[in-house]
Amino acid sequence: MIVINFIYNQAIVSLHITLRQMAAFQSLARHRNFTRAAGEMGLTQPAVSMQIKQLESQLGVALIEQRGKRIDLTEEGEEVLAGARAILQRLDDLESSLNERKGVKSGRLRISVVTTVNTFAPDLLLIFQQRYPGVGIVLDVANHKELLEQLSDNDVDLVIMGRPPASLNLKAGTFLENPLVIVAHPDHPLAARKRLSPSLLSNETFIMREPGSGTRRAMERFFSEKDLSFIAGMEVSGAEALKQSVQAGLGLGLMSRDAVRMELDAGLVVELDVRGLPIPRHWYLVHHQSKRLSPPARAFKDFVLTEAADLLRDKRRQG
Ligand code: PGA
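Criteria and cut-off values
Residues numbered from 1 in each chain as written. Predicted model: local features only at pLDDT ≥ 70, side-chain atom pairs only at ≥ 80, totals over all residues. Heavy atoms only, no water. Axes fitted to C-alpha atoms, helices over the stretch in contact; angles between N-to-C directions. Helix = DSSP H or I, 4+ residues; strand = E, 2+ residues; numbered from the N terminus. Parallel < 35°, antiparallel > 145°, perpendicular 65-115°, else oblique. Left-handed = near helix turned anticlockwise from the far one by under 90°. Contact = heavy atoms within 4.5 Å. Nonpolar A, V, L, I, M, F, W, Y, C, P; charged D, E, K, R; others polar. Core = buried A, V, L, I, M, F, W, Y, C linked by side-chain atoms within 4.5 Å. Buried < 20%, exposed > 50% of the residue type's maximum accessible area, 1.4 Å probe, protein only. Pairing = 2+ DSSP bridges.

Visitor: Just give me the short version of the packing of helix α5 (residues 121–131) against helix α10 (residues 295–318), but keep the residues and values in it.
Guide: Closest axis-to-axis distance for the α5/α10 pair is 9 Å, and the angle between their directions is 125°. Here α5 lies oblique to α10, going by the angle between them. Crossing geometry of α5 relative to α10 is assigned as right-handed. Between α5 and α10, the residues in contact are Asp123, Leu124, Leu125, Ile127, Phe128 and Arg131 and Pro296, Ala299, Phe300, Phe303, Glu307, Ala308, Leu311, Leu312 and Lys315, respectively. Residue classes in the contact of α5 with α10 are distributed as eleven nonpolar, no polar and four charged.

This is how it looks when you write it as structure tokens:
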């Protein structure tokens, strides 16, 4: 429990606000959904609701407005959110600087990756963990947009994702190529054709990733740059679901080759030979520009930027 004393109109007001209440509010503000905030916090939904109510009662203002399922922040809520972020960031910095004294031997690494990266992140984490067995690792998997939110909320030390927008205050270093390809069921009529013209894709049904996915954005850009349309089929969340849907024959999928490597090798899906493909992209290791990286986070960053590409290419060669 922290007690904040401040002078307001000559009166001393005491606020009994807990860090947990602030963290619950920050999580709710990000997800705009009690169930998802509860999941993130490892609490029940009523417990999150209670934390928010207690915070509102301590501050004497309403922080959220609920209309049906929609949750909006009040003006006061926005202000409190900014304050909560600053306090939690300050505490995080404090933890980092204390860890700095202890070195890389201990501490925590919070890393988030997009779903495709989850196919190779464990290989990297295994080597890192063997090198630094005292470091606790927390790995989260989400999509591109959600990772950007985690970075801006300081919920994570480092993320691995497709290219982040230049407009945000982020530091991003590329370490591995990430070609995007179109995959199909092996019986698909286009599967055996060579040097396909992209215009042929206009009559094809594509399984779509969810809004917020970087892969979905890259796909939309690919078609709009070529002034082509496509038939949007089923919408799925995550690279795994997209891959399974293509494998089941529900439509074509544009996705990272990294996500379907095993299925391509096993002949469960095939890569279409389309002119202008693969879309050349890269994987990036990203953190907030103002983030004070803890020793474990700095060690992981160095490891990924200098060694990960060779390790992963070797592994791919070995199959
Ligand atoms: P996503 O990842 O499609 O899972 O969001 C790709 C990216 O970060 O661009």
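Visitor: Residue-level account of the nonpolar core, with values.
Guide: Grouped burial of nonpolar side chains is what soluble globular proteins tend to show. Core analysis: the largest hydrophobic core is formed by 36 residues, its most contacted members being Leu109, Val117, Phe175 and Phe300. Residue assignment for this core shows that the elements contributing at least two residues are β5 (108–114), α5, α6 (144–152), β7 (158–161), β8 (170–177), β14 (282–288) and α10. Among the elements that line this core, the one with the most residues is α10, at eight residues. One finds Ala29, Met41, Val48 and Leu81 within the second-largest nonpolar core, a separate group that totals 21 residues.

Visitor: Describe the sheet that holds strand β6 (residues 136–142), and please don't skip the residues or the numbers.
Guide: Across the sheet, which stays open at both edges, the five strands sit in the order β6-β5-β7-β14-β8 with mixed pairing between neighbours. Two strands lie at the open edges of the sheet, namely β6 and β8, each paired on one side alone. For this sheet, the mean inter-axis angle between neighbouring strands, taken without regard to orientation, is 20°. In this structure, β5 lies alongside β6, joined through seven bridges in parallel fashion. Following the sheet pairing, Arg110 is matched in β6 by Val138.

Visitor: Which residues make up the sheet that holds strand β9 (residues 180–184), and what values do they have?
Guide: By definition, the strands of a sheet pair up through backbone hydrogen bonds, in either a parallel or an antiparallel sense. If you walk across this open sheet you meet the three strands as β12-β9-β13, and the pairing is antiparallel. Looking at which strands have only one partner, the edges of the open sheet turn out to be β12 (253–256) and β13 (270–271). Relative to β13, β9 is paired through two bridges, and the arrangement is antiparallel. Following the sheet pairing, Val183 is matched in β13 by Glu271. Running at roughly 135° to β12, helix α8 (residues 238–247) makes contact with β9 and β12 of the sheet.

Read these as geometric descriptors, not functional statements.
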